[in-house]
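# Inside the fold
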Amino acid sequence: MRGAYGGPRVLLRRLREVMAEPVTAQDKLDRIVVLIAANMVAEVCSTYVLRVDGELELYATEGLNPEAVHQTTMARGEGLVGLVAGAGEPLNISDAQAHPAYSYKPETGEEIFHSFLGVPILRAGNTLGVLVVQNKAHRTYSEEEVEALQTTAMVLAEMIASGELSAIARPGAEPAVRRPIQAKGVPLAEGIGLGIAVLHEPRTVAVENLIAQDVTKEATRLDEAVEKLRVLLDEMLSGDNVAPQGEHRDVLEAFRMFAHDRGWVRRMREAVLQGLTAEAAVERVQSDTRARMLRATDTYIRERLHDLDDLANRLLRILTGRDHGPAEEMPNNAILVARSMAPAALLDYDRTKLRGLIIEEAGPTSHVSIVARAIGIATVAQITNIASMVEPGDALIVDGGTGDVHVRPPEDVQKNYADKVRLRARRQAQYQKLRDLPAVTKDGTAISLMMNGGLLVDLPYVEETGAAGIGLFRTELQFMVSPTLPRAGEQEALYRSVLDSAGEKPVIFRTLDIGGDKVLPYLRKIEEENPALGWRAIRFGLDRPGILRSQVRALARAASGRTLRMMFPMVATCSEFDEAREIVERELTHLRKWGHELPQTLMLGAMLEVPALLFELDELFDRVDFVSIGSNDLIQFMYAADRGNSRVSDRFDPLGPSMVRVFKKIVDKAIEKDKPVTVCGELASNLIGALVLIGLGYRSLSVSPAAIGPLKAMIRKTKLADVQSAVADLLRNDDDQARQRFIDLASVADAS
Ligand code: PEP
Ligand code: MG
């Protein structure tokens, strides 16, 4: 840096003065380019802003022809300016015209300038524009000059992000940071959410904190914060909450490594010495790192980006004194935006204010999406970089049915969705009216509609939906959202609340279904080639009976004097059921011996999810009190198609001939043996799926709470005889005709 005007510190101080002046955005920009040019002894300084249409527009210049301002534009990727924007990295060359990407714009009069330094104007790794200095002489700018210009670009980034420039933009050509974005992700939880963006991990740097008043003080603040961060990580790693091995520890170890990385700390210190506040220095370095890492093709590097982001956020929180966790002031129609989120963190938010969730990293079977479905908020996942593109306070729409997300949507899109929400609310009100009416077909056959659940937050739905009971209580959810293994007392308390709130209605508890995709953070993760076929559910329970035994004891104590219904997941052979029953009986004997009052009645069932059991149906029904079909797993294993892998999960028809025959075989056997059978997988929540099952003879379905209203409305308008004849078509393989008949039958629910 040539220090003629005092270097970047002085420049930043002057910029702060300009930013505070009550002048128009254009005046500010004009003064900023003059200041930068003077400070860097450059003949030219220009600011290009990325527009919604992807063009880079010259917004201000010192040194080029002033007539070119708001006239000259470049496509992204065109010319040197486009190159800088596209790469997100500085370009420093002594002979601009000799560069193959050089694009001549005669109106600017730039042909007399040879050397060129362009830096991207970055915010959270996204390019908002390009800042350029040029000189007549052939020269290469020093590393310090490049750094100084990057730091200055940060001030411009804040100015663009604040939306100030929209006032001087032509309609349709506004700065890209405010542009509407439409993206498609993976739908995880049904519903439509319209609301205001709330960032789960807010970016905490505010414009007024950007420029240091006292550099020495800022350097000390930074050093102290880094030290505090290191101590914090050491404490976390030596504490009891982190398992000795596993992902959590790996991530923390990586954090600790970064926190001691000299390069990282040095770069932040340099930024402070240039005149930024400690917070701004953290953000500045992180933004550069993001820009570089986002363009990396190596997935390992891209994954590490999140670790680094998390670490920078922790440091920012130390510096700003803002604690991690839900924002203090939540709007009443909040849409949460997160890169990733622990299921328990979602439960920390006020559910009545949440309208939607957009999350970069989550799959359909991930824990956070299970919780999102349980609390009924529209959720979409897997939209790359969405957490960086959204600003707090932006208008957002989340469509959990289609996976569509709209950021800053235009008015017509907003209106369209508002209509959809109203329509849904009207339907919901109609379903509400059916709440206390039975689910009976027009020709008088009753269907028991129960609901699936697994968390305390699910319990009010029994009452709200008028469900006939809880047909599947997934006990593993309590284990999945808890940071440590839930104690026996905690388990018992949950089970007791469930039974209390269900009152006279039946509840079927499923014993722990962990393993496979359901990983507990505090249990050592076993590496398995095929986790879905691995050491999970009842297999784990039988091999490690300690956990199963204490769960059985907790269930029995919670149900003392009442009926206890319990079933085992993933039973593959009748002998597994026998073994599990023996464990239960031993525990009951033990409790009796110690004088505990036992459940008045015990009913033990098996989940039918493994195809092998289809060939032991006689023996199975002779042993159990009831059977519940886990259609999600049964379909996955029948077709050998991973339910969590979107490439294959929709490949096969869940109502294809082989599946329909399987469902028929099971229900026929249940009728013959006079034992209850329920279907509790997602298929039963689907209108057409439910119709086919009813037509086959099923009289009990356990579905998601949101499906109860639509299913009941449909059942009450349907004649069983019609469904049975459509099923007969289906069984005769008269596929197309049967399909159309089911679509027609199901459509009566929508018409209600
Ligand atoms: C199923 O497999 O259909 C089921 C209900 O169990 P889960 O989805 O919890 O595996
Ligand atoms: Mg299952």
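Residues numbered from 1 in each chain as written. Chains lettered and ligands numbered in written order. Predicted model: local features only at pLDDT ≥ 70, side-chain atom pairs only at ≥ 80, totals over all residues. Heavy atoms only, no water.

## Quick word on the sheet that holds strand 12 (residues 378-381)
On the basis of which strands lie adjacent, the open sheet formed by 8 strands has the order 7-14-13-9-10-11-12-8 and mixed pairing. Of all strands in the sheet, those with a lone pairing partner are strand 7 (181-184) and strand 8 (186-189), marking the two edges. Across this sheet, the average inter-strand angle for adjacent strands is 25 degrees, counted without regard to direction. Where strand 9 (residues 192-199) meets strand 13 (residues 395-399), 5 bridges bridge the pair, whose relative direction is antiparallel. Following the sheet pairing, Gly-193 is matched in strand 13 by Val-398. (Pairing = 2+ DSSP bridges. Helix = DSSP H or I, 4+ residues; strand = E, 2+ residues; numbered from the N terminus. Axes fitted to C-alpha atoms, helices over the stretch in contact; angles between N-to-C directions.)

## Concerning the site of ligand 1
Lining the immediate environment of ligand 1, one finds 14 residues, of which Arg-474, Arg-510, Glu-609, Asn-632 and Arg-643 sit closest. Between Arg-643 and ligand 1, the recorded distance is 2.8 Å, taken from a side-chain N or O atom to an oxygen atom. For the shell around ligand 1, the elements supplying multiple residues, two or more each, are strand 16 (470-474) and helix 21 (631-639). For the shell around ligand 1, the leading source of residues is helix 21, giving 3 residues. Considering only residue class, the shell around ligand 1 consists of 3 nonpolar, 4 polar and 7 charged. (Near = heavy atom within 4 Å. Polar contact = N/O pair within 3.5 Å; in protein donor to acceptor, adjacent residues only side chain to side chain. Nonpolar A, V, L, I, M, F, W, Y, C, P; charged D, E, K, R; others polar.)

## Considering the domain arrangement of the protein chain
Each domain of the protein chain was delimited in the assignment, giving domain 1 (8-178), domain 2 (181-202 + 330-420), domain 3 (215-320) and domain 4 (437-749). Each of domain 3 and domain 4 has a C-alpha centre, and the two are 45 Å apart. (Domains from an automatic or database assignment.)

## Some words on the pattern of salt bridges
One pass over the full model with this rule turns up 39 salt bridges. Here Lys-28 and Glu-164 are joined by a salt bridge, their closest N and O atoms 2.9 Å apart. Here Glu-164 lies in the loop between helix 4 (143-161) and strand 7 and Lys-28 lies in helix 2 (residues 25-39), a separation of 136 residues in the sequence. Between Glu-147 and Arg-284 there is a salt bridge, with its nearest N and O atoms 3.8 Å apart. Placement of Glu-147 in helix 4 and of Arg-284 in helix 8 (residues 278-294) is noted, with a sequence separation of 137 residues between them. Using a relative accessible area of 22% as the deciding quantity, one classes Glu-147 as partly exposed. Residues participating in the shared-partner salt-bridge network are Glu-476, Arg-510, Asp-513, Arg-536, Asp-633 and Arg-643. (Salt bridge = Lys/Arg side-chain N within 4 Å of Asp/Glu carboxyl O. Buried < 20%, exposed > 50% of the residue type's maximum accessible area, 1.4 Å probe, protein only.)

## Some thoughts on helix 7 (residues 262-273)
Spacing of three or four residues puts side chains on the same side of an α-helix, whose turn is 3.6 residues. Taking 1.5 Å of rise per residue, 12 residues should cover 16 Å, and helix 7 covers 16 Å from first to last C-alpha, within 8% of that figure. Those residues of helix 7 that fall on the buried side of the exposure criterion are Gly-263, Trp-264, Val-265, Met-268, Ala-271 and Val-272. Directly beyond the C-terminal end of helix 7, a positive phi value near 120 degrees is found at Gly-275. (Expected span 1.5 Å × (residues − 1).)

## Brief notes about the nonpolar core
Counting 122 residues, the largest nonpolar core has Met-341, Leu-346, Ile-666, Tyr-698 and Leu-701 as the members making the most contacts within it. Here this core spans two domains, since at least three of its residues come from each of domain 2 (181-202 + 330-420) and domain 4 (437-749). Counting residues in each nonpolar core, the second largest holds 71 residues, with Met-268, Leu-276, Ala-281 and Ala-312 among its members. (Core = buried A, V, L, I, M, F, W, Y, C linked by side-chain atoms within 4.5 Å.)

## Points about the sheet that holds strand 1 (residues 44-50)
In space, the 6 strands of this open sheet follow the order 3-2-1-6-5-4, with antiparallel pairing throughout. Of all strands in the sheet, those bounded by a partner on one side alone are strand 3 (73-75) and strand 4 (91-93). Each strand axis lies, on average, 20 degrees off the axis of its neighbour in the sheet, ignoring direction. Taken together, the 9 bridges between strand 5 (residues 115-123) and strand 6 (residues 126-135) define a ladder with antiparallel strand orientation. Residue pairing for strand 6: Leu-117 is matched across the bridge by Val-133. Where helix 3 (residues 79-87) meets the sheet, its contacts fall on strand 1, strand 2 (55-62), strand 3, strand 4, strand 5 and strand 6, and the angle it forms with strand 5 comes to roughly 35 degrees. (Contact = heavy atoms within 4.5 Å.)

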